Amino acid sequence: MRRALVLFIALLAGCGGVRPPPAEWSLAIHGGARNFAPGDYTGEQLASLRTELGAALAVGAQVLERGGSSIDAVQATVSAMEDSPWFNAGRGAVFTHAGTHELDASIMDGSSGQAGAVAGLMRIRNPVQLARLVMERTPHVLLVGAGAEAFAVEQGVERVDPKYFYTERRWNELQKALEKEKAGQRSTREAYFGTVGAVARDRQGRLAAATSTGGMTNKRAGRIGDSPIIGAGTFADARCAVSATGHGEYFIRHAVAFDICARTRDPRISVGRAAHAVIFDVLRPEGGEGGVVTMDDRGVAAFEFSTNAMSRGRIAAGSAAAVAVLADENLAPPPQSRSSSKSSSKEKP
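Residues numbered from 1 in each chain as written. Predicted model: local features only at pLDDT ≥ 70, side-chain atom pairs only at ≥ 80, totals over all residues. Heavy atoms only, no water.

Visitor: I would appreciate a short explanation of the packing of aromatic side chains in the present structure.
Guide: To describe a pair of aromatic rings, you give the distance between the ring centres and the angle between the ring planes. Throughout the structure, instances matching the rule amount to six aromatic pairs. Between Phe235 and Phe258 the ring centres are 5.3 Å apart and the planes differ by 90°, which places this aromatic pair in the edge-to-face class. Placement of Phe235 in strand 7 (residues 234-236) and of Phe258 in helix 8 (residues 256-263) is noted, with a sequence separation of 23 residues between them. Looking at Phe258, the relative accessible area reads 32%, which means it is partly exposed. Through successive ring pairs, a cluster of aromatic residues spans Phe95, Tyr166 and Trp171. Above the plane of the ring of Tyr250 lies Arg253, whose end atom (NZ or CZ) is 5.1 Å from the centre. (Phe/Tyr/Trp six-rings, centres within 6.5 Å; stacked < 30°, edge-to-face > 60°. Helix = DSSP H or I, 4+ residues; strand = E, 2+ residues; numbered from the N terminus. Buried < 20%, exposed > 50% of the residue type's maximum accessible area, 1.4 Å probe, protein only. Lys NZ or Arg CZ within 6 Å of the ring centre and 35° of its normal.)

Visitor: Could you clarify how one ought to interpret the pairing of strand 5 (residues 196-201) in this entry?
Guide: Successive side chains on a regular strand alternate, one facing one side of the sheet and the next facing the other. For strand 5, the tally of buried residues reaches six of six residues, placing the bulk of the element in the interior. Covered by surrounding structure in strand 5 are Val196, Ala198 and Ala200 together with Gly197, Val199 and Arg201, the residues of both alternating faces. Where strand 1 (residues 26-34) and strand 5 come together, five bridges link them in antiparallel fashion. Paired with Ile29 across the strands is Ala198, a residue of strand 5. Pairing geometry for strand 5 and strand 6 (residues 207-213), over six bridges, is antiparallel. If you follow Gly197 over to strand 6, its bridge partner there is Thr211. Hairpin connection, strand 5 to strand 6: the antiparallel pair is bridged by five residues, and Gly205 has positive phi, about 85°. (Pairing = 2+ DSSP bridges.)

Visitor: Just checking my understanding: could you explain helix 9 (residues 271-283) for this structure?
Guide: The periodicity of an α-helix, 3.6 residues per turn, causes residues three or four positions apart to be oriented the same way. The end-to-end C-alpha distance of helix 9 is 17 Å, a good match for the 18 Å that 13 residues give at a rise of 1.5 Å each. Across the 13 residues of helix 9, 10 count as buried, placing the element largely inside the fold. Taken together, the buried positions of helix 9 are Val271, Gly272, Ala274, Ala275, Ala277, Val278, Ile279, Phe280, Val282 and Leu283. Its buried side turned inward, helix 9 meets strand 8 (240-246), helix 7 (248-253), helix 8, strand 9 (290-296) and strand 10 (301-305). (Expected span 1.5 Å × (residues − 1). Contact = heavy atoms within 4.5 Å.)

Visitor: Honestly, the sheet that holds strand 7 in this entry has me stumped. Any pointers?
Guide: Picture the strands of a sheet paired through backbone hydrogen bonds; they go either parallel or antiparallel. What the four strands build is an open sheet, ordered 7-8-9-10; its pairing is antiparallel. Because the sheet does not close on itself, it has two edges, and the strands there are strand 7 and strand 10. Neighbour-to-neighbour, the strand axes of the sheet open up by a mean angle of 10°, direction not taken into account. Running over the sheet, helix 8 touches strand 7, strand 8 and strand 9 and is turned about 145° from strand 8. Across the sheet, helix 9 touches strand 8, strand 9 and strand 10, and the angle it forms with strand 9 is around 165°. (Axes fitted to C-alpha atoms, helices over the stretch in contact; angles between N-to-C directions.)

Visitor: Looking at this model, I keep getting lost on the state of the cysteines. Mind explaining?
Guide: Defined simply, a disulfide is a covalent bond joining two cysteines at their sulfur atoms. For the structure on display, the rule yields one disulfide. Residue pairing for Cys240: its cysteine sulfur links by disulfide to Cys261, the two sulfurs lying 2.2 Å apart. Taking the sign of the S-S torsion, about -75° here, the bridge from Cys240 to Cys261 comes out left-handed. Taken as a pair, Cys240 in strand 8 and Cys261 in helix 8 lie far apart in primary sequence, 21 residues in all. Among the residues examined, Cys240 registers a relative accessible area of 0% and is labelled buried. Here Cys261 falls in the buried class, since its relative accessible area comes to 1%. (Disulfide = S-S within 2.5 Å.)

Visitor: Help me understand the environment of Ala198, please; the structure alone is not making it clear to me.
Guide: Secondary-structure assignment places Ala198 in strand 5. Exposure remark for Ala198: the relative accessible area of 0% places this residue in the buried category. In this structure the C-alpha to C-alpha distance between Ala198 and Arg314, which are 116 residues apart in sequence, comes to 9.5 Å.

See the structure below:
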């Protein structure tokens, strides 16, 4: 009889009937999924990237520890990553075919269902901050291009000279892509990857998600991927929060972020399990690559990705930060020495 009871409780736990108590607050991030080739990075470069992930986690953790909201936490965390040349978002954004930058971002509050997004920005230092203002100060969800830039001026959002986004590494990536194009070679699949994102649960149990990107190297002017599309690159509700990274066209076609959360309406399916099914059973058979960071209403974070690397990290109340880059490495504390975002982009992997 006792054994039967134990088995019954275990079954309920697996079906969502009994779950561990929630974390007071929790935060998880990604810095983009990609496929590294041998020689693409050094041990020192990976250590610096892990440090940068840890620094971003610290920014969001401070907001949550002080009782701040999940929406404030994901905005602050993504803003920190946009300020770093290590990531394809904000300052470290890739170049378009025309040699310009076009930045996209979105944010969503799971407790209210409200969302905001921007796309095609060329002068906004922190696109995720403008996305938040679209959510809170307009009746719209998505603003693009000149209209979004004009709204930023009205709101007093910080604008920068386009030169601010220049990094030598990203410029060299564009030149290589242009050379391949001229020679009649197709761009590598790697050109499609590179995004940052965050999901969080605050002390009130509210979930939020945010995503920001510079798009894809050598992209056609005006191309918009999944990052600013609510339901594709970003989604959050009362039970689930998702931020995606990868080949955006596939994530748009399959409404990846929404699909993951929709599957969790079945209490037997965890957010992590839903994410695994979408990434590996829906996207991969069609050739779509990438990954997601997810969080459930208990603050449990999960990472799923089909590439051989995805910069990622998590932290929760009472727990130390943990980060990783390669697929085969476990999450571990980030290096203590701070390699600040002021360091040269020439050293980035």
